[in-house]
Amino acid sequence: MSSTIFTSANYDVSAVFSIPSNFTTIGDNAFLNATSLTSITIPASVTTIGNNAFQNSSNLTIVTFEAESILTSIGNAAFRQTGLTSIEIPNSVTSIGDYAFYNATLLTTVTFEADSSVTSIGQGAFNNSGLTSIEIPKSVTGVGTQVFSDTSALHTVTFEADSSLTNIGNNMFNKSR
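As the structure is a computational prediction, the values presented were derived from the model and not from experiment.

Here is what the cut-offs are and how they apply
Residues numbered from 1 in each chain as written. Predicted model: local features only at pLDDT ≥ 70, side-chain atom pairs only at ≥ 80, totals over all residues. Heavy atoms only, no water. Helix = DSSP H or I, 4+ residues; strand = E, 2+ residues; numbered from the N terminus. Buried < 20%, exposed > 50% of the residue type's maximum accessible area, 1.4 Å probe, protein only. Pairing = 2+ DSSP bridges. Polar contact = N/O pair within 3.5 Å; in protein donor to acceptor, adjacent residues only side chain to side chain. Contact = heavy atoms within 4.5 Å. Phe/Tyr/Trp six-rings, centres within 6.5 Å; stacked < 30°, edge-to-face > 60°.

Colleague: Looking at this structure, I do not really get the environment of Asn127. What am I missing?
Modeller: Residue position: Asn127 is located in the loop between β10 (120-121) and β11 (133-136). For Asn127, a relative accessible area of 4% translates into the label buried. Counting along the chain gives 34 residues from Asn127 to Ala161, while the straight-line C-alpha distance between them is 24 Å.

Colleague: Honestly, the sheet that holds strand β8 (residues 95-96) in this entry has me stumped. Any pointers?
Modeller: Neighbouring strands of a sheet are bound in pairs by backbone hydrogen bonds; such pairs are parallel or else antiparallel. With respect to topology, seven strands assemble into an open sheet ordered β2-β4-β6-β8-β10-β12-β14, the strand pairing being parallel. Only two strands of the sheet have a single partner each, and these edge strands are β2 (25-26) and β14 (167-168). Strand direction decides the pairing type here: β10 and strand β12 (residues 142-143), joined by two bridges, are parallel. Bridge pairing in β12 places Ser120 opposite Gly142.

Colleague: What exactly am I supposed to notice about the side chain of Ser139 here?
Modeller: Locating Ser139 in the fold gives a position in the loop between β11 and β12. You can call Ser139 buried: its relative accessible area is 17%. At a separation of 3.1 Å, a polar atom in the side chain of Ser139 contacts the main-chain carbonyl oxygen of Ser116. Residue contacts for Ser139: discarding those within four places in its chain leaves Ser116, Ser117, Val118, Thr119 and Ser164.

Colleague: Before we go on, may I ask you to explain the packing of aromatic side chains in this structure?
Modeller: The geometry of an aromatic ring pair is captured by the separation of the ring centres together with the interplanar angle, meaning the angle of the planes. Counted by the stated rule, this structure contains eight aromatic pairs. Where Phe17 meets Phe31, the ring centres are 5.4 Å apart and the plane angle is 70°; that geometry is what we call edge-to-face. Of the two residues, Phe17 is situated in strand β1 (residues 16-18) and Phe31 in the loop between β2 and β3 (39-42); the sequence distance between them amounts to 14 residues. Given the relative accessible area of 17%, Phe17 is considered buried. Looking at Phe31, the relative accessible area reads 0%, which means it is buried. On the numbers, 5.4 Å between centres and 5° between planes, the contact of Phe79 with Phe101 is stacked. Residue Phe79 is located in the loop between β6 (73-74) and β7 (86-89), and its partner Phe101 is located in the loop between β8 and β9 (109-112); the two are separated by 22 residues in the primary sequence. Owing to a relative accessible area of 0%, Phe79 belongs among the buried residues under this scheme. Residue Phe101 is classed as buried on the basis of its relative accessible area of 0%. Chaining the aromatic ring pairs together yields one cluster made of Phe17, Phe31, Phe54, Phe79, Phe101, Phe126, Phe148 and Phe173.

Structural data, given as structure tokens:
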């Protein structure tokens, strides 16, 4: 999907959107400010969600990844300031970008599919989110600065057994519980 195709998409085409199954990329800013969007299904063929792809899509509450997803990258601020309440990250994802879920204040649950491949969680990825608990997969080697800053409801962070974590950024829990 080309970059900025739906930028500032305050259109009323449909509040529910399914991306065609032949798409491999959701480009930068693709659904930026798409305030009418409430639900989206991302086909298994998509490998990359670009920077700011769904940023400020404040009514987006449901993101569904089709089975056998080959998604590898969630871009910077991809789901920043969305209305998501929960999300399951496909096990094919290797990186979560900086501020990917920043200011997603309703996001209380993030789960990773079994046998996760995530190796890096970017700076401020869950900053000012509504997370209450999270289990970091053993595949993660690095967590960026301020990942959980201003996440006042967060009470439990668990690292999966046999964790590969070698780097934790500064102020990981700044202004968190």
